[in-house]
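Working through the structure, step by step
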Amino acid sequence: MKSSVIRTLACIGICFITGGALAADIQSPMTPQLQPIKTESGWTFTFVPYFWAAGLSGDVAQFGLPEVQVDASFSDILDHLDFAAMAMGEARYGPYSIFGDVIYSKISGQSGTPRGILATDVELSSETFAGLLGAGYSVYEDNAARLDIVGGGRVWSVKSELSFSGGFLDGRSATDEATWVDGMAGFKGTYSITPEIYLTGWGLIGAGGADLDWDVAAAIGYNFNNTVSALAGYRALGVDYSNDGFVFDVVQQGPMLGLKVKF
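Residues numbered from 1 in each chain as written. Predicted model: local features only at pLDDT ≥ 70, side-chain atom pairs only at ≥ 80, totals over all residues. Heavy atoms only, no water.

Helices and strands together make up the secondary structure of the protein, namely 2 helices and 12 strands. Starting at the N terminus and walking to the C terminus, you meet the elements of the protein as α-β-β-β-α-β-β-β-β-β-β-β-β-β. Looking at the protein as a whole, 29% of its 263 residues qualify as buried. Pairs at least 24 residues apart make up 59% of the contacts formed inside the protein by residues separated by at least 6 positions. (Helix = DSSP H or I, 4+ residues; strand = E, 2+ residues; numbered from the N terminus. Buried < 20%, exposed > 50% of the residue type's maximum accessible area, 1.4 Å probe, protein only. Contact = heavy atoms within 4.5 Å.)

Moving on to the pairing of strand S8 (residues 173-192). Sheet topology places S8 next to strand S9 (residues 197-208); 11 bridges connect them, and they run antiparallel. Looking at S9, one finds that Asp 182 is bridged to Gly 208. Hairpin connection between S8 and S9: a loop of 4 residues separates the two successive antiparallel strands. (Pairing = 2+ DSSP bridges.)

Moving on: the side chain of Gln 252. Here Gln 252 is to be found in strand S12 (residues 246-262). Not counting chain neighbours up to four residues away, the residues in contact with Gln 252 comprise Trp 52, Ala 54, Gly 55, Leu 56, Trp 156, Arg 235, Ala 236 and Leu 237.

For the second largest pocket, the calculated volume is near 1000 Å³. In terms of lining, the second largest pocket is formed by 42 residues, of which the most central are Leu 56, Val 70, Ile 107, Leu 124 and Ser 126. Here the residues of the lining of the second largest pocket sort into 29 nonpolar, 11 polar and 2 charged. (1 Å grid on protein atoms, 1.4 Å probe; cavity = no way out; pocket = protein on both sides within 12 Å on 5 of 7 lines; lining within 4 Å. Points joined across faces, edges and corners; volume = space filled by probe spheres on them. Nonpolar A, V, L, I, M, F, W, Y, C, P; charged D, E, K, R; others polar.)

Bringing unusual backbone geometry into the picture now. Of note, Phe 63 is a non-glycine position whose phi angle comes to about 60°, a positive value. Residue position: Phe 63 is located in the loop between strand S2 (55-61) and strand S3 (68-72). Overall, Phe 63 belongs to the partly exposed group, its relative accessible area being 25%. Positive phi, close to 55°, is recorded for Asp 244, a residue that is not glycine. With respect to the helices and strands, the residue Asp 244 is situated in the loop between strand S11 (228-243) and S12. Residue class for Asp 244 comes out exposed when judged on its relative accessible area of 78%.

Now the structure itself:
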């Protein structure tokens, strides 16, 4: 009798322990499954080559000549574009970041002279370089958004060359150029609408060699995976520089497309 009771109690105990283990492994369909928050540790790097279809408007003066008002669409510039390269990059460690942006373009054009006495043809080529290097710190960050306060400096270099062919000035050329640095400060931000779709943009303003230097942009991005995403947006960049007869007071603006690679 005692042995049968002991066997019964042992079976009940085994069933109770086994049932408890199964209950721990099997969750109710109504029980929410918490997803762990993934936080990146260590350095992360992004590289963004992009295409900016920008027009140009404003006032320029070089070679000691009076100011000339310029209003050229991107298609006008494209007709005379020799080469262009644009890219951004960022290195991030937690809330800290280092970023850069490089823009280079070279355009040229040739025209005949009315009488052809001083020269039969005149060719003008212009190179423009703008390089930004800065650092940032995240003042707000959660699972969907991040806002950085940023500061840095932008180097500008504008160089133009006139070349003459034929006439008395055949083979002659003249160069006028200027290089300056502007301090910049502002904000950069990112907001994720879904895991795939996000918004990003920035706003910077500064001065130094120029009386005013500013840069604003807004874009929407799509994540193909954790490494590659595409960007489409609009950017406007303006600078007001004048020194010793050299004037470069222009605004460049237009749509932009980019490919973001993260590693």
